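Overview (structure and organization)
Residue-level listing of the chains:
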Number of protein chains: 2
Amino acid sequence: MTDPHAAEHIIKSYDTELSRLLDEIARMGLLAREQLADASVAVAERDSELAARVVERDNAIDALEHEVSHDVLRLLALRQPIARDLREVLAALRIAADIERIGDYAANVAKRGIALNQSAPVTPAAALPRLAEVAGRMLADVLDAYRRHDAAAALEVWERDEQLDQLYTALFRELLTYMMEDPRNITPCTHLLFMAKNIERIGDHATNIAENVYFLVHARPLAEARRKGDLTSDVTPPVQGHRR
Amino acid sequence: MTDPHAAEHIIKSYDTELSRLLDEIARMGLLAREQLADASVAVAERDSELAARVVERDNAIDALEHEVSHDVLRLLALRQPIARDLREVLAALRIAADIERIGDYAANVAKRGIALNQSAPVTPAAALPRLAEVAGRMLADVLDAYRRHDAAAALEVWERDEQLDQLYTALFRELLTYMMEDPRNITPCTHLLFMAKNIERIGDHATNIAENVYFLVHARPLAEARRKGDLTSDVTPPVQGHRR
């Protein structure tokens with residue numbers, strides 16, 4: 001390091017590599033949002049071809065996650081970041097993993113949408129796009145909070161997950177009621193149960209991302225324990241034959 | 001570094017820290033296995049008290065994962081490992097995350113078991129402990145492969161996931177049939193659907209761990225693409241009124 005420009009050069013290329021990493025994640029996030037939106041349209045319009053395209057495109061997100069993992073490994077090995085820089089790199093790794101899972105869930109919604117189109121339409125399917133819209137907005141907002149390193153905005157998304165859980169629980173109960181009314185509803189409603197569950201899980205992963213943004217900014221975990229996710233594990237049999 | 005023992009000292013304490021990390025993960029793994037086994041017994045014996053204890057004990061696994069994350073961050077910052085040492089540390093981070101999720105799924109099986117006990121027993125519940133046994137053996141074997149850094153053993157577990165998927169799909173179809181036979185079966189069978197799905201997901205996380213062991217040993221991803229997990233997204237309505 002006799003060259004006075006050498007240190008600056010290392011710093012500059014660290015920044016370049018980090019911003020490449022963040023670009024990859026931004027691209028992953030955008031793809032995941034599109035996948036969820038398209039899966040939702042495919043269900044709403046019973047469009048099996050669109051659904052099949054969503055299933056196929058999941059590979060692109062997986063490939064980007066591999067790139068991110070590879071870049072993180074290289075960045076850690078060559079740059080050996082510490083403190084905030086290290087948190088930045090590890091947050092990138094975790095957030096990429098969450099987006100990859102979100103992509104999987106969106107693809108699974110689409111895939112079950114294809115199976116759903118084998119049965120006659122059932123009324124509660126109409127509630128699914130609303131669920132997807134709420135989850136999609138959480139995802140868009142938390143990715144924006146990440147881009148801006150805005151822990152307050154991330155926290156706000158984290159809190160919004162409760163709404164999604166409530167919508168999901170309401171749909172879960174509605175689906176049970178439909179299944180009890182007519183056995184022909186059972187197979188399509190079972191797919192809808194899992195599709196709704198997938199979207200509820202997308203919300204959980206959006207809150208994971210929010211927790212990572214919080215940790216990245218504040219260097220301490222978002223500790224506040226809140227009951228997470230699925231409230232349907234407590235659901236007991238409804239009164240039968242009554243639509244509520 | 002004029003002291004000739006200084007370098008040796010650093011190496012020794014890196015090994016000490018790494019082995020502490022691996023001990024924490026081994027402890028997490030053991031807890032997760034016990035949680036799954038107890039959740040399964042709770043379902044088989046309709047023991048809601050045991051199920052409640054499983055739900056409660058999930059915190060212990062979460063706390064261990066926080067410890068692992070913290071230790072990984074410290075190890076990366078202070079020791080700045082490269083090459084195999086770096087892969088070792090990142091594998092620890094990912095494997096801990098997988099075990100944490102496995103713990104969540106086991107706790108969710110237990111929680112739904114409590115709800116299941118609100119309804120009269122249904123026959124297909126008997127198939128669940130078999131599913132849990134297969135998943136539990138995958139988990140035990142992959143953790144053992146990790147401890148021994150045995151990529152071949154990890155690969156063997158990875159391949160076994162297909163059996164679990166087939167058992168899950170068979171149970172899924174059986175549950176649909178039961179639901180169609182009697183609307184009173186719908187709520188308990190819905191819980192069983194999600195419980196079976198949770199166990200199928202535990203198998204997926206065991207295969208994730210296997211992939212990490214493989215990468216740790218071979219420094220290249222287990223690339224072979226195999227269709228992963230849930231085959232039920234294709235299930236279309238069965239012929240009604242016929243038990244198969």
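Being a predicted model, the structure only gives us computed values, none of them experimental. (Residues numbered from 1 in each chain as written. Chains lettered and ligands numbered in written order. Predicted model: local features only at pLDDT ≥ 70, side-chain atom pairs only at ≥ 80, totals over all residues. Heavy atoms only, no water.)

Some points on the relation of the copies chain A and chain B
With an RMSD of 0.0 Å, the fit of chain A onto chain B corresponds to turning through 180° and sliding 0.0 Å along the axis. Both copies are brought into coincidence by an operation consistent with a two-fold rotation axis. Among all residues of chain A, the one whose C-alpha sits closest to the rotation axis is Gln80 of chain A, at a distance of 2.9 Å. With an isologous cut-off of 70% or more, the 100% of interface residues of chain A that recur at the interface of chain B puts this contact in the isologous class. (Least-squares fit on C-alpha atoms with pLDDT ≥ 70 in both. Contact = heavy atoms within 4.5 Å.)

Digging into the interface of chain A and chain B
Across the contact, 47 residues belong to chain A and 47 residues belong to chain B. Roughly 3,900 Å² of surface becomes buried between chain A and chain B when both sides are summed, with 64% attributable to carbon and sulfur atoms. At the junction of chain A and chain B, the tally comes to zero salt bridges. Along the contact surface separating chain A from chain B lie five residue pairs in polar contact (both at pLDDT 80 or more). Where the side of chain A that touches chain B is concerned, the elements lending two or more residues are α2 (48-79), α3 (83-116), α5 (151-181) and α6 (186-218) of chain A. Element by element, the count of residues in the side of chain A that touches chain B is highest for α3 of chain A, at eleven residues. When its residues are assigned to classes, the side of chain A that touches chain B shows 23 nonpolar, twelve polar and twelve charged. (Buried area = accessible area lost by both parts, 1.4 Å probe. Salt bridge = Lys/Arg side-chain N within 4 Å of Asp/Glu carboxyl O. Polar contact = N/O pair within 3.5 Å; in protein donor to acceptor, adjacent residues only side chain to side chain. Helix = DSSP H or I, 4+ residues; strand = E, 2+ residues; numbered from the N terminus. Nonpolar A, V, L, I, M, F, W, Y, C, P; charged D, E, K, R; others polar.)

Things to note about the confidence of the model for chain A
Residues and elements named next belong to chain A. Averaged over all residues, the pLDDT of chain A equals 90, while 89% of them reach at least 70. Taken element by element, chain A is modelled with least confidence in helix α1 (residues 5-44), mean pLDDT 89, and with most confidence in helix α4 (residues 128-148), mean pLDDT 98. Contacts from residues 239-244, a stretch scored under 50 in pLDDT, to residues over four places away or in other chains number nine contacts. (pLDDT = per-residue confidence, 0-100.)

Remarks on the packing of aromatic side chains
Inspection of every chain in the model, using the stated rule, returns five aromatic pairs over all chains. Taken together, a centroid distance of 4.9 Å and an interplanar angle of 35° make the contact between Phe194 of chain A and Phe194 of chain B tilted. Of this pair, Phe194 of chain A sits in helix α6 while Phe194 of chain B is found in helix α6 (residues 186-218), placing the two residues in two different chains. Under the relative-accessibility criterion, Phe194 of chain B is labelled buried at 3%. An aromatic cluster of at least three residues, connected via ring pairs, comprises Tyr168, Phe172 and Phe194 of chain A together with Tyr168, Phe172 and Phe194 of chain B. One cation-aromatic arrangement involves Arg101 of chain A over Tyr105 of chain A; the distance from NZ or CZ to the ring centre is 4.6 Å. (Phe/Tyr/Trp six-rings, centres within 6.5 Å; stacked < 30°, edge-to-face > 60°. Buried < 20%, exposed > 50% of the residue type's maximum accessible area, 1.4 Å probe, protein only. Lys NZ or Arg CZ within 6 Å of the ring centre and 35° of its normal.)

Thoughts on the packing of helix α5 (residues 151-181) of chain B against α6 of chain B
All names here are of chain B. Where α5 contacts α6, the two axes come as close as 9 Å, and the packing angle between them is 170°. Considering the angle they form, α5 stands roughly antiparallel to α6. Its residues placed into classes, the contact of α5 with α6 shows 20 nonpolar, four polar and six charged. (Axes fitted to C-alpha atoms, helices over the stretch in contact; angles between N-to-C directions. Parallel < 35°, antiparallel > 145°, perpendicular 65-115°, else oblique.)

Some words on unusual backbone geometry
Positioned with a positive phi, Arg46 of chain A is a non-glycine residue whose angle comes to about 50°. Tracing the sequence through the fold places Arg46 of chain A in the loop between α1 and α2. A residue is classified by how much of its surface remains accessible, and Arg46 of chain A, at 32% relative accessible area, is partly exposed. Even without being a glycine, Gln80 of chain B presents a positive backbone phi close to 45°.

Notes on the nonpolar core
Soluble, globular proteins show a tendency: their nonpolar side chains are buried together. With 158 residues, the main nonpolar core has Leu128 of chain A together with Leu128 of chain B as its most contacted residues. Beyond its immediate sequence surroundings of up to four residues, Leu128 of chain A is in contact with Val43, Val109, Leu171, Leu192, Met195, Ala196 and Ile199 of chain A. (Core = buried A, V, L, I, M, F, W, Y, C linked by side-chain atoms within 4.5 Å.)

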